[in-house]
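# Fold and geometry: a report
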Amino acid sequence: MALHTETSRSRLIIYNAIIEDAGIYRCQATDAGGHTEEASVVLEIYQRLTFRDVQSPQEFRHGETAEVVCDVISSPVPVVVWYYQDREITEEHNSKFQLLPNNNLQIHQVTKADEGVYRCEASVEARGEIDFVDIAVVVNVPPVLSVSQQSFNATADYQESVTFTCITSGSPDPVVTWHRKGQQLVPSEQHVFNRMEGGRSMLTIRNIRQGDGGTYSCKATNKAGSQERELFLKVFVQPHITQLKNVTAVEGSAAMISCVAEGEPLPDISWRRASDGQTFVDGDKGQYGRFEVRGRHGKSVLTISGVRLTDLGRFDCEALSRIGGHQKSMFLDIEYIPKFLTNHTIYYSWEGNPVNISCDVMSNPPATMLWRRERFTISAEGTANTRVHSLEGKSVLEVTPMSDRDFGRYNCTARNNIGVRYQEFILAQADVPSNPYSVRLSAVSQRLATVTFMKPDSHGGVPISYYLVQYKEVGSQDWRDVKSHSVQTTVVLTGLEPNTTYEVRVAAVNGKGQGEFSHTETFQTLPIREPSPPAVHGQRGMGKAYRLGLVKQDDGGMPIVEYIVKYKTDKEEQWMTKLVPGANDFAMLQPLQWNTRYEVEITARNVKGLSEPTFYQFFMPQKPDITAESLFSGLGLGAVVGLGLGALLLLLVLVDVSCFFLRHCGLLMCITRSLCSKKTATSGKGKEIEEGKAAYLKLPLKEENGKESLKPDTIEIKVHSDNSLHTKPDDSKA
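Procedures and definitions
Residues take numbers from 1 onward in each chain, read along the sequence in its written order. It should be noted that, the model being predicted, local features are given only for residues of pLDDT at least 70 and side-chain atom pairs only at 80 or more, the latter also being counted only at that level, while totals for whole chains, interfaces and linings use all residues. Note that the side-chain values use all heavy atoms of the structure and ignore hydrogens as well as water. Only DSSP runs of H or I with at least four residues qualify as helices, and only runs of E with at least two residues qualify as strands; both kinds are numbered from the N terminus onward. For every residue, the accessible area obtained with a 1.4 Å probe (protein chains only) is divided by the maximum for its type, and the residue is called buried under 20%, exposed over 50%, and partly exposed between those limits. Here a residue-residue contact requires only that any non-hydrogen atoms of the pair lie within 4.5 Å. Reported accessibility uses the Shrake-Rupley method at a 1.4 Å probe radius. Residues are deemed covered only where the shown protein chains occlude them. When two rings of Phe, Tyr or Trp (its six-membered ring) have centres within 6.5 Å they constitute a pair, described as stacked for plane angles under 30 degrees, edge-to-face for angles over 60, and tilted for the intermediate range. Charge-over-ring placement is defined geometrically: NZ (Lys) or CZ (Arg) within 6 Å of the ring centre, and within 35 degrees of the ring normal. Basic side-chain nitrogens of Lys or Arg form a salt bridge, by our definition, when they fall within 4 Å of a carboxyl oxygen of Asp or Glu. Here, two cysteine sulfur atoms that lie within 2.5 Å of each other are counted as a disulfide. Counted as a polar contact is a pair of N or O atoms within 3.5 Å, where, for protein atoms, one must be capable of donating a hydrogen and the other of accepting one, and residues adjacent in sequence contribute only when both atoms are in side chains. The criterion is simple. A nonpolar core is a set of buried Ala, Val, Leu, Ile, Met, Phe, Trp, Tyr and Cys residues joined through side-chain atoms within 4.5 Å. Any two strands with at least two DSSP bridges between them are considered paired. As a rule, the C-alpha atoms of each element are fitted with a line to give its axis, helices using only the stretch in contact, and angles between N-to-C directions run from 0 to 180 degrees. Patches in this entry comprise residues that are over 30% relatively accessible and not in a salt bridge; like charges within 9 Å are linked, as are nonpolar side chains (Val, Leu, Ile, Met, Phe, Trp, Tyr) within 5 Å. A score from 0 to 100, pLDDT tells how confident the predictor is in each residue.

Counting secondary structure elements, the chain contains four helices and 56 strands. Counting every position in the chain, which comprises 734 residues, the buried fraction comes to 33%. Counting only contacts in the chain whose residues sit at least 6 apart along the sequence, the fraction spanning at least 24 positions is 58%. Summed over its atoms, the accessible surface of the chain is roughly 45400 Å², and 51% of this surface lies on carbon and sulfur atoms.

Following this line, the structure appears as structure tokens:
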């Protein structure tokens, strides 16, 4: 406060007024005669809305009664309303929310679902003042700890590892620690800690020794509390398979597979077939009684009766005890008599055409294959018209028939140490294909026709190479040939004459030759007519031009001679006409008017006449502004740099020429002086004086202020033989 007293008045000034400064102030005045008067002043101070030290976030423990603090003051006392998820919180019957007299919000048995942002809104209606503060409510959930496996077995001295896994949840995320014998474990070479997603914490114990057995505890801790679970590691000597070997058996015989294992306690042994996952244990005889297992004192024997090829493959022996297991695999190999893989035993060919007869065999061990012809063995080197090609599991006999004697039966013999098998092949003479049928004509126009037909019933023993389509005009004797693409049964005839009757027939061709022709069909091409209207598409050209794209449609059987393009503005009556050659695929309309709509009528003409017109409209935009940016926008970077360098070079030349004439300096002056000095040295001064030749120097005049004049006036100086000087104005000035 500050008191200022003057002659006739006194002022009391209160700086930074607070609520406590409100009240009644009395001013008392006493005159010289001792008479006293006083006056009272009532000072009211209103407190604006103020939130005092409102904390956000505010944390609470799951399940407790939470009181969200919102300390707000004002005078008069404010009205406080709470909001959650944009909805006002009201005190309803059995509601878990309660508004306390101190304006705080009480939440009964708060849960994670109550977590979020709450808004505390205070208002003083008398002043129309309102304010709010957002408070984040965080619910801390005590740790919940679970273990997927509580007891573990391990084998000592086998450099094995065991991983304990604790799954934790809580909010905030709990901190997990591992303990043993009351001591917290720390990361080391033997103890490895890992934290994974989903609250999974793992302790891996490496290189397990017998002393590592015992109780371990996993402890999860956060702000809301802690929880601890115990895990147990029991260390034993794990089972170990010491004997298991691969076995080879012959198809149809019996196979015996032995597996020996050791461990403490002594393990039980079981078998599993890898091909289908079927398991066999001691006492089982398996499906159909072919599999039998007998075991005793750590040894198990699997006996397979009547071995089949389906038994071929891997078998797993598993030694299992209550503290672990060990598994090893062996391979059962089955030997069997050769088996032929193909039923294709008939081949076709013709004289002079080589054919490969393939004999494919599957056998174990691999078979030796021989070819026979009429009880004679064909040697590996072959004969004049036969060759033998041997591959793994296959023997190919290449036969080139030279006469009828080369056709007939060939025998393939496959042999291994299990047995021998034979397969007979027949080499038959191929024939030409039979004739195609159901010849049909479609899509017949003035110049084109499409021929379709059905494949022949017989290909003659060898694949069809292509189809030959022949056609001619009725009355003509000259057939024209068209080959199909590969073995497609559709052929398009081109280059036909309009309004003409044709005959067509089809034959199939294979390696043997051409078969018979089909029944001859007759068709007539369409007569010549006017062309169809052209299709049109357009796009802006350069400047005041427009490009019309012309797409030829049906030409009516004769080439398009020309396109007649008529165009005008939508405000004019008179058409402008442009003739475009029929070979062109566009028409350029120019010059056109800016900001104008145009109508176009395009007609195609052939020798028969005119097509129906095609109508088209387009709009020319407003004239574009030409700016420096638009001028250079079409130039590349190299062109712009080149223009810049050219302008700079021109400027340097102009400066050098100006210096030559005005200052007698510059590159041009140096070149001139150099040339003049060379000329003088060559001719000699004495000779020039004796002969009376004058040297002329054109010097620029100077103004009175000493500056060189820019006018072209010069003084001519003549040097005569008597060394006298005479001057006169330049004749050019006269």
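That shown, we press on.
Aromatic rings considered in pairs are described by the distance between their centres and by the relative angle of their planes. Applying the stated criterion across every chain yields a total of 13 aromatic pairs. Relative to tyrosine 118, the ring of tyrosine 84 has its centre 4.2 Å away and its plane inclined at 10 degrees; by these criteria the two rings are stacked. With tyrosine 84 in strand 9 (residues 79-84) and tyrosine 118 in strand 13 (residues 116-124), the pair connects residues that are 34 residues apart, well separated along the chain. Comparing tyrosine 84 with tyrosine 118 shows no difference in burial state: the two are buried. Among the aromatic residues, ring-to-ring pairing joins Phe152, Phe164, Trp178 and Tyr216 into one connected group. One cation-aromatic arrangement involves lysine 566 over tryptophan 575; the distance from NZ or CZ to the ring centre is 5.7 Å.

On to the pattern of salt bridges, then. Taken as a whole and judged by the stated rule, the model has 20 salt bridges. A salt bridge links glutamate 503 to lysine 472; the shortest N-O distance between them is 2.8 Å. With glutamate 503 in strand 44 (residues 501-510) and lysine 472 in strand 41 (residues 464-473), this pair connects stretches of sequence that are 31 residues apart. Note that glutamate 599 and lysine 568 form a salt bridge whose closest N and O atoms lie 3.4 Å from each other. Highlighted residues: glutamate 599 in strand 51 (residues 596-606) and lysine 568 in strand 48 (residues 562-569), separated in sequence by 31 residues. The class of glutamate 599 is partly exposed, set by a relative accessible area of 23%. The structure contains a network of salt bridges with shared partners spanning Arg273, Asp276, Arg290 and Asp311.

All chains considered together, the criterion is met by four disulfides. With its sulfur 2.0 Å from that of its partner, cysteine 70 forms a disulfide with cysteine 120. Given an S-S torsion of about -85 degrees, the disulfide between cysteine 70 and cysteine 120 has left-handed geometry. Pair noted here: cysteine 70 is in the loop between strand 7 (66-68) and strand 8 (72-73) and cysteine 120 is in strand 13, with a separation of 50 residues, a long-range link. Across the pair, cysteine 120 and cysteine 70 agree in class, each one buried. Two residues share a disulfide in this structure: cysteine 259 and cysteine 317, whose sulfurs sit 1.9 Å from each other. Between cysteine 259 and cysteine 317 the disulfide shows an S-S torsion of about -85 degrees. By sign, it is left-handed. In this pair, cysteine 259 sits in strand 24 (residues 255-264) while cysteine 317 sits in strand 29 (residues 313-321), placing the two residues 58 residues apart along the sequence. The buried category is assigned to cysteine 259, whose relative accessible area is 0%.

This brings us to the side chain of threonine 204. Tracing the chain through its elements places threonine 204 in strand 20 (residues 200-205). We classify threonine 204 as buried; its relative accessible area is 15%. At 3.0 Å, the side chain of threonine 204 forms a polar contact with the side chain of threonine 163. If sequence neighbours within four positions are ignored, threonine 204 has contacts with Ser161, Val162, Thr163, Gln190, His191 and Val192.

Along the chain, glutamine 58 turns up in strand 6 (residues 58-61). With a relative accessible area of 8%, glutamine 58 lands in the buried category. Within the structure, glutamine 58 has its side chain in polar contact with the backbone oxygen of glutamine 55 (distance 2.9 Å). Non-local contacts of glutamine 58, meaning those with residues more than four positions away in its chain, are made with Glu67, Val68, Val69, Ile135, Ala136, Val137 and Val138.

What follows covers the nonpolar core. In this structure, Val68, Trp82, Leu105, Ile107, Tyr118 and Cys120 are the most contacted members of the largest nonpolar core, which totals 23 residues. Core analysis: the next-biggest nonpolar cluster, separate from the first, contains 22 residues, Ile241, Ile257, Val293 and Ala319 among them.

Attention now moves to the sheet that holds strand 39 (residues 437-442). Read from one edge of the open sheet, three strands run 39-40-43, paired in antiparallel fashion. Strands at the two margins of the open sheet, each flanked by one partner only, are strand 39 and strand 43 (490-493). Adjacent strand axes in the sheet meet at a mean angle of 20 degrees when their direction is disregarded. By the bridge criterion, four bridges tie strand 40 (residues 449-454) to strand 43 in an arrangement that is antiparallel. By the bridge assignment, threonine 450 is partnered in strand 43 with valine 492.

A few words now on the pairing of strand 35 (residues 386-391). Regular strands place their side chains on alternate faces of the sheet. Where strand 35 meets strand 36 (residues 394-399), six bridges bridge the pair, whose relative direction is antiparallel. Directly across from valine 388, in strand 36, lies its bridge partner leucine 397. In this antiparallel pair of consecutive strands, strand 35 and strand 36, the connection spans two residues, and glycine 393 shows a positive phi of 70 degrees.

Below, the discussion takes up a nonpolar patch on the surface. On the surface, a nonpolar cluster with roughly 420 Å² of combined accessible area is contributed by Leu649, Val653, Val657, Phe661 and Leu668. Per element, the largest residue contribution to the nonpolar patch is four residues, and it comes from helix 2 (residues 637-662). Here valine 657 shows up in helix 2. Given a relative accessible area of 31%, valine 657 falls into the partly exposed group.

Sheet analysis places strand 46 (residues 535-540) next to strand 47 (residues 546-551), joined by six bridges and oriented antiparallel. Counterpart to arginine 540 in the pairing with strand 47 is tyrosine 546. The pairing of strand 47 with strand 50 (residues 586-589) spans four bridges and is antiparallel. Bridged to tyrosine 546 within strand 50 is leucine 589.

On to the confidence of the model for the chain, then. Low pLDDT marks regions whose predicted coordinates should not be analysed in detail. Looking at the chain as a whole, the pLDDT averages 85, with 89% of positions reaching at least 70. Predicted confidence is poor over residues 679-734, with pLDDT under 50, and the contacts of this stretch with residues over four places away or in other chains come to 54 contacts.

To continue, consider the environment of proline 591. On the secondary structure map, proline 591 appears in the loop between strand 50 and strand 51. Considering only alpha carbons, one finds proline 591 and tyrosine 546, 45 residues apart in sequence, at a separation of 8.6 Å.

Right, let's talk about the sheet that holds strand 7 for a bit. Taken together, three strands build an open sheet; the order of strands is 7-12-11 and the sheet is antiparallel. The sheet is open, and its two borders are formed by strand 7 and strand 11 (97-99), each paired with just one other strand. Sheet twist, expressed as the mean angle between neighbouring strand axes with direction ignored, is 25 degrees. Relative to strand 12 (residues 105-107), strand 11 runs antiparallel, the two sharing three bridges. Paired with leucine 99 across the strands is leucine 105, a residue of strand 12.

With respect to the secondary-structure elements, proline 338 resides in strand 30 (residues 324-340). Apart from residues no more than four positions distant in its own chain, proline 338 is found in contact with Val361, Met362, Ser363, Ala367, Ala414, Arg415, Asn416, Gly419 and Arg421.

The linkage connecting serine 75 with the following residue, proline 76, adopts the cis geometry, with an omega of 0 degrees. Tracing the backbone through its elements, the reader meets proline 76 in the loop between strand 8 and strand 9. Cis geometry is found at the peptide bond from asparagine 364 to proline 365, where omega equals 0 degrees. With respect to the element layout, proline 365 can be found in the loop between strand 32 (355-364) and strand 33 (368-373). The phi dihedral of glutamine 109 is positive, around 50 degrees, even though this residue is not glycine. Tracing the backbone shows glutamine 109 in the loop between strand 12 and strand 13. The backbone of arginine 375 sits at a positive phi, close to 65 degrees, despite the residue not being glycine. Of note, arginine 375 is situated in the loop between strand 33 and strand 34 (376-378). Judged by its relative accessible area of 82%, arginine 375 falls in the exposed class.

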